[in-house]
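Residue-level structural notes
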Amino acid sequence: MELKKSSRFTTIFLISLLTLFQSTILACGWFEYAEDVRLSLFKAKMGNLSMFRPFEYSANLYNSTDPDPEGFDRNANCLEWQNKLGKDAQLNDIYFFLYKASPEIVENGFVNNNLGEVFEGNSFVTQILLAKNNEALKYLRIAKKLEALKSEEENRFETWDNIDNKDYAIAKLKVRDEIQVVLTKINDDFLKQRYAFLFLRTLVEASEFKKADLVYDCYFIPHPNNSIISKWALLFKAIATKGLGRREEANYLFSLAFDNCEEKKWISFRYFNDSIGILNKTISMAKNDHQKAVILSLACLKNPGPELNRLKNIEALEPNSPFFSFLLSREINKIEDWIFTPKYTHYGPSCQLKGRGWDTDFNQAKAANFKKDVQYAQDLRVFLTSCFKKSNGQFKNFLAVAISHLYFIEGNSELGRTYLGQLSIPIQTSIQVQRDLELCLLDIKTKDIQKNEVKQSIVNYVLDLEKTAKITPAYYKDLYSLNRVLSLAYSEIGDQATAGLLFLKAEQFKYCDGLNHRSPDTTSFDYFKIGYFDRYATLQNMDTLITLIQKHNRSTFENYICKYTTIDINYYYDLKGTIAFRLDNLPEAENAFKKVPADFWSQKYNYNKQLNEDPFKPKELKYHYKRSFNFQFNKATFIAELTKLKTERLSLKNSDSLIKLANAYFNCSFWGNSWAMTSYYISGLYTNHQKDDYNDMLLGYSESNSKLIGLKNFNECALARKYYLLALQNAQNDEQRAMASLMLHVCDFKVYLGNSCHGNWEKAKKYKGSKFLIDFCSKYKNTTTYKNYNCPDLKEFL
Amino acid sequence: MIYLTKYRPISFLLFLTLSLAFIGCHHSSKKPIIRSFCYWKTELQMDNEEKFNFNDLKIKHLYLRFFDVDWNSFVNEPRPIATVNLNWPVLPPNLEITPCIFITNAVFLQSRSGQIDTLAIKIANRIGQVETRYDSHAIQQWANVKHANDSAIQMFLLKDNIHDLLIDCDWTPSTQKSYFHLLDRLKQILPTVKITTTLRLWQYNNPLKSGIPPVSRCLLMCYNLQSQKDYNVDNSISNTNQLGKYLKQDNYPIKCDVALPIFRWAVLFRGGKYKGILANLDFKYCQMDTVNYHYCGDNRFNIKRDELVNDQYLRVGDELRFEYVSPDQLDKMIELIKEKVPIRNDARISFFSWNKKYIDDYGTKKIKSFYDHFSD
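Report on the accompanying structure. What you see is a predicted model, and the numbers here were worked out from it, not measured in a lab.

Analysis parameters
Residues numbered from 1 in each chain as written. Chains lettered and ligands numbered in written order. Predicted model: local features only at pLDDT ≥ 70, side-chain atom pairs only at ≥ 80, totals over all residues. Heavy atoms only, no water. Helix = DSSP H or I, 4+ residues; strand = E, 2+ residues; numbered from the N terminus. Buried < 20%, exposed > 50% of the residue type's maximum accessible area, 1.4 Å probe, protein only. Contact = heavy atoms within 4.5 Å. Areas by Shrake-Rupley, 256 points an atom, 1.4 Å probe, with all protein chains shown as cover. Phe/Tyr/Trp six-rings, centres within 6.5 Å; stacked < 30°, edge-to-face > 60°. Lys NZ or Arg CZ within 6 Å of the ring centre and 35° of its normal. Buried area = accessible area lost by both parts, 1.4 Å probe. Salt bridge = Lys/Arg side-chain N within 4 Å of Asp/Glu carboxyl O. Pairing = 2+ DSSP bridges. Axes fitted to C-alpha atoms, helices over the stretch in contact; angles between N-to-C directions. Arc of directions from axis to C-beta. Polar contact = N/O pair within 3.5 Å; in protein donor to acceptor, adjacent residues only side chain to side chain. 1 Å grid on protein atoms, 1.4 Å probe; cavity = no way out; pocket = protein on both sides within 12 Å on 5 of 7 lines; lining within 4 Å. Points joined across faces, edges and corners; volume = space filled by probe spheres on them. Nonpolar A, V, L, I, M, F, W, Y, C, P; charged D, E, K, R; others polar.

For the rest of this paragraph, the subject is the overall build of chain A. What chain A contains, in helices and strands, is 41 helices and 0 strands. Per-residue burial for chain A yields a buried fraction of 55% across its 798 residues. Considering only contacts within chain A whose residues lie at least 6 apart along the sequence, 69% involve residues at least 24 apart. Taken as a whole, chain A presents about 34,900 Å² of accessible surface, with 52% of it coming from carbon and sulfur.

To continue, consider the packing of aromatic side chains. Applying the stated rule across the entire model yields 76 aromatic pairs over all chains. For the ring pair Tyr223 of chain B and Phe263 of chain B, a centre distance of 5.9 Å and an interplane angle of 85° mean the geometry is edge-to-face. Taken as a pair, Tyr223 of chain B in the loop between β9 (218–221) and α9 (240–246) and Phe263 of chain B in the loop between β10 (256–261) and β11 (264–270) lie far apart in primary sequence, 40 residues in all. An identical accessibility class is assigned to Tyr223 of chain B and Phe263 of chain B; each is buried. Site record: aromatic cluster; members linked through ring pairs are Trp81, Phe96, Phe97, Phe119, Phe124, Tyr139, Phe190 and Tyr195 of chain A. Above the ring of Phe97 of chain A, the side-chain terminus of Lys144 of chain A is found at 5.7 Å from the ring centroid.

On to helix α26 (residues 527–536) of chain A. Among the 10 residues in α26 of chain A, 9 count as buried, and that is most of the element. Buried within α26 of chain A are the following residues: Tyr527, Phe528, Lys529, Ile530, Gly531, Tyr532, Phe533, Asp534 and Arg535 of chain A.

Bring the parts together and some accessible area is lost; that lost area is often taken as the interface size. Each partner contributes to the interface: chain B provides 43 residues, whereas chain A provides 33 residues. Both faces combined, the contact of chain B with chain A buries some 3,300 Å², and carbon together with sulfur accounts for 58% of it. If you sort the residues of chain B by the area they bury against chain A, Lys273, Tyr313 and Arg315 of chain B come out on top, with a joint share of 18%. On inspection of chain B and its partner chain A, the count reaches 2 salt bridges. Arg315 of chain B serves as the salt-bridge partner of Asp373 of chain A, at 2.9 Å between the closest nitrogen and oxygen. When residues of the side of chain B that touches chain A are traced back to their parent elements, those giving at least two are β3 (61–72), β4 (77–81), α4 (113–145), β12 (273–278), β13 (293–297) and β14 (300–303) of chain B. Counting residues per element, the side of chain B that touches chain A draws most heavily on α4 of chain B, at 7 residues.

It is worth spelling out the sheet that holds β12 of chain B at this point. Residues and elements named next belong to chain B. The 5 strands are arranged β12-β11-β17-β14-β13 in an open sheet whose pairing can be described as antiparallel. Two strands in the sheet have a free side with no partner beyond their single neighbour: β12 and β13. On average, each strand axis in the sheet is inclined to that of its neighbour by 30°, with strand direction left out of account.

Our next topic: the pairing of strand β7 (residues 164–168) of chain B. Residue and element names in this part refer to chain B. Burial runs high along β7: 5 of the 5 residues are buried. Where burial is concerned, the two faces of β7 agree: the one with Asp164, Leu166 and Asp168 and the one with Leu165 and Ile167 are both buried. Across 3 bridges, strand β6 (residues 96–103) lies against β7 in parallel orientation. Pairing of Cys100 across the sheet is with Leu166, part of β7. Two strands pair when backbone bridges link them, and β7 and strand β8 (residues 194–200) are joined in this way by 4 bridges, in the parallel orientation.

Our focus in this paragraph is the pattern of salt bridges. Taken as a whole and judged by the stated rule, the model has 66 salt bridges over all chains. In this structure, Lys372 of chain A and Asp306 of chain B form a salt bridge, with 3.1 Å as the shortest nitrogen-oxygen distance. Of the two residues, Lys372 of chain A sits in helix α19 (residues 362–389) while Asp306 of chain B sits in the loop between β14 and β15 (307–309), which places them in two different chains. Counted as one network, the salt bridges with shared partners bring together Asp213, Asp217, Lys237, Arg246 and Glu249 of chain A.

All right, on to helix α2 (residues 48–56) of chain B then. Residues and elements named next belong to chain B. For α2, the set of buried residues is Glu50, Asn53 and Phe54. Burial along α2 is one-sided: seen end-on, the buried residues are contained in an arc of 100°. Summarising the geometry of α2, the exposed residues directed more than 90 degrees from the buried face are Asn48, Phe52 and Asn55. Those residues of α2 that are buried lie in contact with β3, α12 (356–362) and α13 (364–375). Looking at where α2 begins, the residue whose side-chain oxygen comes 3.1 Å from the main-chain nitrogen of Glu49 is Asp47. Just downstream of α2 lies Lys58, where phi reads positive at about 55°.

Take the layout of surface pockets next. Residue and element names in this part refer to chain A. As a volume, the second largest pocket reaches approximately 1,300 Å³. Lining the second largest pocket we find 40 residues, and of these Arg74, Lys150, Arg201, Glu263 and Lys264 sit closest to its centre. Of all the secondary structure elements, the ones that give two or more residues to the lining of the second largest pocket are α3 (72–85), α4 (91–100), α8 (134–154), α10 (189–205), α12 (228–243) and α14 (265–271). Per-element tally for the lining of the second largest pocket: the top contributor is α8, with 9 residues. When grouped by side-chain class, the residues that make up the lining of the second largest pocket number 20 nonpolar, 5 polar and 15 charged.

Worth remembering: the numbers are spatial, not functional.
Structure representation (structure tokens):
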């Protein structure tokens, strides 16, 4: 018997199989990004908090690195210019020149004296070209020059020509010298402050902190104003202060910069030091409760862990803190991640730590964390309830939806309903969306989700949310999360058909960019589209699913769950047949397979390369005959033949029929030529043969599924062995006994090799042949079967 | 027979002499390897302790990362990144240096063939710029310090100590053609410099698939053999078992230098799912802190209390897998490499990478023994 060769062939075969699957297996292993997988349903906000986007809770280090996406600070700067030059300078023209015009083009315009031509139609340029605005023109030229020098430096890419930034350094020095000269002469306060800002910034960039410190003190402290430039200057003063070693003072200044300008929030946050010693000293520098609240808020933002105590301090200091609601949203998102992500996704297969000396496994740790996190959610809710009693207006509305959501997290949805009823008009948009979402969650938890009116109500919420997501893509995460919640809800009541389709709907929204990363193609095979059902669906579920897919007058809910989630109906019939086959329910299997066109498995079927040999000739004995791969496999016919053989063996105790039946079941195991009857894929040779890291990660691994008799046969030749034993017991002659004994040895050895040795050939060689092998080689050595199939390797096990 | 009888004493003596000579040669000659190290930081700096270790290890050669090249999609061309800042005086005199240029596979996936030709020229120019900057700075500093015997500076200058160039790229079958073309172009542009390339183990093991680079010397990188993201892996950096799976053939057509790992890290998992790398967490620290960490064996710890470590929020039930190649394992790997890999006679045996922490983990005595093991 060519044991080693068969293993090599199998290994090569397995490797080639992997290429058939549509997957994103990377060269070093497949994985999903944690942020894509994270569940989140709470998005209520107080007002426009776009400048806080970098700090929204995320599995990534930062949620975004765009500091002021709506350009509040830049728009403020444009307004100041307009106030300076007059209303003839349009705001959008000012914005274009300051922030979009290429510095190179601007400089060329100056050099060639044709700036007006180059920016023809720009009202800002028209104004600055007027003689009375000559000083402003000079300033803008210098500012644009510095812009050109700055952008090359900040890029991680270097240029091929400039290894040494010396060129930039020298050019910048020249410009800086120019600024210094102008500063001593210029009288215009508006421009003076802007020159001072450029000077300050270049000094900080050159790490000349002492000089920078003096410049700020000289030009900004004596002339305090509310201009955006003075707020930006504060950041550079803070950096200089840090550079001079005055850490606590710098920390305090960073908190002021964070508080006062939108564009500098992110960089101030990055510089801010939240280590406890420095933090306490920073707080002691604060001049009022608001400043203390800002400092504590920054510390909160730095911590991805629980922050309730600090939130309580912030609330005590400044109940109306502009950061407070944002921090509360963040805290709720944390709890959602800790509780929902493990609950509604399949991440984290059981981490078996037994035998390592640690007396809990991951499931126990998960349960302990869950308990802790639910308690934390309760503590947070109690705190919010106390805030709710003393608040009003939009903040009260915000707290109402937050409390309702926390009740949902805790599993006490009904208690949250009273809070949803206390929202007062007008209701801000994001709070309204959140309220609708909470109502949907209430329906899911408290009503009969099988009823049509409830389904209609749920799908109305979902479709509204889809419309919202098209405008605000961040809501795709809510769609993903909501569909996962819905999926589990239907799964818990046994409706795997709906649950599976909702699971697939969730996948469509997972990547938060509005693009459907799953193929909308409904005809080609995509295992992922049936993978959920392959694991969890019963025969009844499959009937429900097939009926739904074929239904013409679907309800809105049914249309929603079927959109982009289904494929050719024949794949579902095939799956139903496969499930029935695993249950050893041959009549149901045959009925299902009969619904599929006869040429399906050879023409359209994705696995026609796996079902192309005679299933009644055991693959293990293949060396005795020339293998032919032209077998026209028809699953229905195959099942019919199995049924016939079973009937024959019952009536006649015909060993030949039993052997043929056993051969078929052997071939339907991992080691056979028709394994695709039982499973859609096979994996490692030496592990659980049906485990698939990619799909198990996404879809989960069904422990109960693996216990089905068909899969026990797949992994352990259970049915094959049963029928070979029966064949041996009922054998009429030595040829039958020899064949049955040989194949019983094959079954036992294969299972030993695969499930006990895990590829360890040294261990494999220690296998002691069973009575079956001994009998084959002794009692039946005069049979034709022995002469045909005796293999020198067999002697190693005797 | 007569001939033999007549000349037997002489032929016997000749035989004996030759045998003795052979035995003498066989037992007394050690393989002359070159002690090398990989320096992969952006700033070339060594404190006194590091300089002492450098001298103690008698390192004669350094793979020095000069810069990386990556694809810049804003300008649609490859661009350099993180060019090394060489400070003088750091490098000892007469130290042989091989500049290393790491190029991402994306560069070859995205570039057109004309861009590859240009890239070769730009790489050559860039290397020259780094050399010139260092050498001119060295000369200036030397002039400030030394007034006599100016020519002694020559032994410190890069231009006299660079004879070859290492291009580092994990090319794939689809980028093989472009990458090999770059190597050929570099050979034309730098005719006095030997062009060499790194070789990953999968490339070594699958020469038909990966192609054989058009160079006469390769640096075989014997580490990062498995994905650190895989929970079931014991040690993604390297171990003998995994190495053995790659070193199945001993007839790779290019003779190799060898690079071995001496770095370490901790990999974080939650429920079997990869969460990140903690490079600065110390194994001994975790071992001693039994309040927060529980040692499970096999270099794994469980987190016992929620804790913020750097920017990671570690939770109860999380698992840390410390990865490090023990000295014993390294010795076994060396044995395997000696057996299976066609090593050059003047092979450079290198360790990745120079870092005070990593050197201290093993100790210079042990690292010296690794070098000696190769030459035995």
